[in-house]
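Breakdown of the fold
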Amino acid sequence: MTHPDIQLDIRGNNNEVAVIRLTRGKKRNALNDGLILAIRDTFDNLPATVRAAVIDGEGEHFCAGLDLSELKERDAGQGLHHSRMWHAALERVQYGPVPVIAALHGAVVGGGLELASACHIRVSDETTFYALPEGTRGIFVGGGGAVRIPRLIGAARMTDMMLTGRVYNAQDGERIGLAQYLVPQGTAFDKAFELAKRIATNAPLTNYALMHALPRIAEQPADQGFFTEAMMAAIAQSAPEAKQRVRDFLEGKAGTKVQKA
Ligand code: 1HE
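Along each chain, the written sequence defines residue order, and numbers are assigned to residues from 1. With the structure being a predicted model, the display of local features is reserved for residues of pLDDT at least 70 and the display and counting of side-chain atom pairs for 80 or more, all residues being used for whole-chain, interface and lining totals. Only heavy atoms go into the side-chain values, all of them from the structure, while hydrogens and water stay out.

This part is about the pairing of strand β3 (residues 52–57). Exposed residues in this analysis have more than 50% of their type's maximum accessible area, buried residues have under 20%, and partly exposed residues fall in between, with area computed by a 1.4 Å probe over protein chains only. A run of DSSP states H or I qualifies as a helix once it reaches four residues; a run of E qualifies as a strand once it reaches two. Both are numbered from the N-terminal end. Of all six residues in β3, six are buried, a share of seventy percent or more. Burial along β3 is two-sided: Ala52, Val54 and Asp56 and Ala53, Ile55 and Gly57, pointing in opposite directions, are all buried. At least two DSSP bridges between two strands are required for those strands to pair. By the bridge criterion, six bridges tie strand β2 (residues 17–22) to β3 in an arrangement that is parallel. Each bridged residue has a counterpart across the sheet, and for Leu22 the counterpart in β3 is Gly57.

The next point concerns the domain arrangement of the protein. For interface size, the figure often reported is the accessible area lost on association. Residue ranges assigned to each domain were obtained from an automatic or database domain assignment. Structurally, the protein comprises domain 1 (6–200) and domain 2 (204–250). Each of domain 1 and domain 2 has a C-alpha centre, and these two points are 27 Å apart. Contact between two residues is taken to exist if any of their heavy atoms lie within 4.5 Å; hydrogens are not considered. Each side of the interface is counted separately: domain 1 has ten residues, and domain 2 has seven residues. Put simply, buried area is the surface a 1.4 Å probe can reach on two separate parts but cannot reach once they are joined, added for both. Buried area between domain 1 and domain 2, summed over both chains or domains, comes out near 670 Å², and the portion from carbon and sulfur atoms is 56%. On the domain 1 side of the interface with domain 2, the three residues burying the most area are Tyr95, Pro99 and Arg151, jointly 57% of the side's total. Any Lys or Arg side-chain nitrogen found within 4 Å of a carboxyl oxygen on Asp or Glu counts as a salt bridge. Taken together, domain 1 and domain 2 are joined by one salt bridge. A salt bridge links Glu219 to Arg151, with the shortest nitrogen-to-oxygen separation between them at 2.9 Å.

What follows is the structure in structure tokens.
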């Protein structure tokens, strides 16, 4: 499972963090079919030791979106299957085995923003900018953006981005919710890696609940959501690891107190 445009590096004392890097910097990490399938395969085959992942891009930009040179003369059926291929790959990112942190810099545009929005946390640096040039290229999003991006910033802002070609800079992107963190230029990867190491220390069932239960609960009617929440809470609390962690706090063990930010 190797692809020339993607690099997988397993780091941490217990091999608990996967660093996945798009290495197609010459083409601004534009996503051709091979690279989309390689992303899918990478998330499908992470080693069992991995508890969190970071994804970033080589060069000046995180990702320039769909490789436009492949957007030739697809008919409607081929276009449908192409979009569904992206959906399948990015589904492995969002609902894969571990939380994924995107380390963003430079262009996060089109399918690049769709990839970033499939991740669980986005860390941007000051060079980051966001756009959906599909609108001006006469196409539409096809990599899950119509579902995921309105959930981050609302349909009205996404409509504006696509109708007008509006570009959000790093500050405004963080303000509207495209990223949860904004850090100095050149430090997005370090921050993302630090977060990944911390996330890797959580109880695996808590991380699983956050990845797989929370987004579903958030979409349920309140009555069903409360019920699903109760089921998930009961399962998580019953894990021996949860009981141990609560005991550690009650016994005043070092490092278990919430610290002021
Ligand atoms: C590409 C792509 C690409 C760069 N497909 N080859 N995405 C877009 O519409 C964004 C298109 N790209 C850009 O606007 C700019 O390239 C950037 C702002 C990202 C970066 O600018 P810059 O000046 O650093 O790089 P560049 O000179 O424009 O590009 C360097 C090379 O990368 C150049 O190739 P070269 O052979 O001439 O060196 C570019 O052609 C190539 N390149 N971006 C193919 N996207 C599931 S549906 C999703 C739908 C979409 O994502 S649509 C939005 C597509």
